[in-house]
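Structure assessment
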Amino acid sequence: MKNRKVKSNRAQADYFELLVCQYICHLYNVTFSYSKDLAKLSNKILILPDGKARLKLQNNNFIKIQPKIKEILDYEIGQKGKVVRVIWVGRNLLIETTSDVDAEHINKQRTRFSIKSIANTGTGTLKNLGARQIKNFLGVDFSKQYEEMWLKLRNYLNDLGAPQEKLKKKVQRNQKLLKWATENGRKYQIELNELCFNAFNSLSTKKKIDFLNFITDCNDDNLYVIIVNSVDVIIYKPIEKKLKIIKSIEAKKDKLTDVGYAIYIDGKPTYRVQTNNTNGIGISAYCQRIFWI
DNA sequence: CAACAACTATCAGCGACAAA
DNA sequence: TTTGTCGCTGATAGTTGTTG
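Our next topic: the layout of surface pockets. What the second largest pocket holds in volume is close to 170 Å³. Looking at the lining of the second largest pocket, the elements that each hand over two or more residues are α4 (131-138) and α5 (143-157). For the lining of the second largest pocket, the leading source of residues is α4, giving 3 residues. Tallied by class, the residues present in the lining of the second largest pocket amount to 8 nonpolar, 1 polar and 2 charged.

The following block contains the structure:
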């Protein structure tokens, strides 16, 4: 499935989430109200390059997590009563929750699932922080630099008027322009990384904890994360990772990179941080992404 | 000139894939 | 295999254009 352009089509993730919804409905005899969405998504994936392989991958991954989902829900039903409704949260509640699928119990409490389906290995992005969250949590405002990046690119292209989107496409289609834009953008990646690195270490311990708790979405007792890839199924409850009293949280740049760093919790490397443009270096907004180590 | 449409920019979710 | 780098998608908020 080597097709960079459509590598992580959203439809695949949505399709996977709906398979899980459907399965839960089937298990507990609840109405599945997303049949049409599921059919649409299936068709959408099929017309992509290697569409059949894409569907097959999702179906195979799905089979692997079925018993786990059942195990969790059987336990939760013991606590919260039977499942009466299944809600496809999808991307409707960005920031508020990372849940993709909610099972509602008869007592109105929910059991929530954040689900990641990965073709090969890895655990996926834990969080992708846009400018808003970078400013919120780290107090770093990078808008001036971002404007400057674009102004330089515009000067190079000798086009001060065209919409960014148009210029972006133009640059993407031309290797020479793209090379220039990438070089231009890289400087800012490094600068933002440095700013965020220092900002993080300057935060009070409490604010560091707030930030990391946001990263893991670990304030929700009802949430489970399920990651499935080619080698295994990883399940955890984010709330179990909630940071309480700790001695030290520190960002360290012990790696080779100048666009990332690691965050150590009590001396243990726990998170990797990446500072990048979100849609291509030098031609899009900056962000930070956080991964498990 | 308000109301609606169309277009633009940003954000954050998704996770692929290359390098080490 | 593990670690590091980074792009695509679609929702939404914001902006500009159009029309009755």
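Picking up after the structure, the text goes on.
Attention shifts here to the pattern of salt bridges. Overall, the coordinates contain 15 salt bridges when judged by the stated rule. Close ionic contact of Asp-74 with Lys-70 constitutes a salt bridge, the shortest N to O distance being 2.8 Å. With Asp-74 and Lys-70 both in helix α3 (residues 51-80) and 4 residues apart, this pair spans about one turn of that helix. One salt bridge in this structure joins Arg-85 and Glu-104, with 2.8 Å as the shortest N-O distance. Taken together, the residues span a long stretch of sequence, with Arg-85 in strand β1 (residues 83-88) and Glu-104 in strand β2 (residues 101-105) at a distance of 19 residues. Where salt bridges share partners, they join Arg-85, Asp-102, Glu-104, Lys-108, Arg-110, Arg-112 and Asp-220 into one cluster.

Here we take up the sheet that holds strand β8 (residues 260-265). Judged by pairing direction, the sheet is antiparallel, and its 5 strands sit side by side in the order β4-β10-β9-β8-β7 without closing on themselves. Where the open sheet ends on each side, the last strands, each with one partner, are β4 (127-129) and β7 (249-252). The sheet shows a mean angle of 25° between the axes of neighbouring strands, direction not considered. Those strands touched by α4 are β4 and β10 (286-292), and its axis lies near 70° from that of β10.

Turning next to the environment of Gly-130. For Gly-130, the location among the structural elements is in the loop between β4 and α4. Distance from Gly-130 to Ile-115, taken between C-alpha atoms, is 21 Å for residues 15 residues apart in sequence. With sequence-adjacent residues up to four places away left out, Gly-130 is seen in contact with Tyr-286 and Cys-287.

Okay, the packing of helix α1 (residues 10-28) against helix α2 (residues 35-46) next. Geometry of a packed helix pair, given as the angle between the helix axes and the separation of the axes. Relative to each other, α1 and α2 sit at 145°, their axes nearing to 9 Å. Between α1 and α2 lies a crossing of left-handed hand. Here Ala-11, Gln-12, Asp-14, Tyr-15, Leu-18, Leu-19 and Gln-22 of α1 come into contact with α2, specifically with Asp-37, Leu-38, Leu-41, Ser-42, Lys-44 and Ile-45. Classifying every residue of the contact of α1 with α2 gives 7 nonpolar, 3 polar and 3 charged.

A few words on the sheet that holds β2. A sheet is described by the order of its strands in space; here 5 strands give the open sequence β1-β2-β3-β5-β6, paired in mixed fashion. The open sheet is flanked by β1 and β6 (233-236), the only strands paired with a single partner. In this sheet, neighbouring strand axes are inclined to one another by 20° on average, regardless of whether the strands run parallel or antiparallel. On the sheet, α1 packs against β1, β2, β3 (110-117) and β5 (223-228) and is oriented at approximately 170° with respect to β1. Together, β1, β2, β3, β5 and β6 form the strand contacts of α3, whose direction differs from that of β3 by roughly 165°.

Another point: the pairing of β8. The buried fraction of β8 is high, at 6 of 6 residues. Here β7 pairs with β8 via 4 bridges, running antiparallel. Paired with Lys-252 across the strands is Ala-262, a residue of β8. Examined bridge by bridge, β8 and strand β9 (residues 268-277) share 6 bridges and lie antiparallel to one another. Across the sheet, residue Gly-260 finds its bridge partner in β9, namely Gln-274. Hairpin remark: β8 followed by β9, antiparallel, with 2 residues in the connecting loop; positive phi at Asp-266, about 45°.

It is worth spelling out the domain arrangement of chain A at this point. Taken domain by domain, chain A consists of domain 1 (4-117) and domain 2 (127-217 + 244-292). Computed over C-alpha atoms, the centres of domain 1 and domain 2 are 31 Å apart.

About the thresholds
Residues numbered from 1 in each chain as written. Chains lettered and ligands numbered in written order. Predicted model: local features only at pLDDT ≥ 70, side-chain atom pairs only at ≥ 80, totals over all residues. Heavy atoms only, no water. 1 Å grid on protein atoms, 1.4 Å probe; cavity = no way out; pocket = protein on both sides within 12 Å on 5 of 7 lines; lining within 4 Å. Points joined across faces, edges and corners; volume = space filled by probe spheres on them. Helix = DSSP H or I, 4+ residues; strand = E, 2+ residues; numbered from the N terminus. Nonpolar A, V, L, I, M, F, W, Y, C, P; charged D, E, K, R; others polar. Salt bridge = Lys/Arg side-chain N within 4 Å of Asp/Glu carboxyl O. Pairing = 2+ DSSP bridges. Axes fitted to C-alpha atoms, helices over the stretch in contact; angles between N-to-C directions. Contact = heavy atoms within 4.5 Å. Left-handed = near helix turned anticlockwise from the far one by under 90°. Buried < 20%, exposed > 50% of the residue type's maximum accessible area, 1.4 Å probe, protein only. Domains from an automatic or database assignment.

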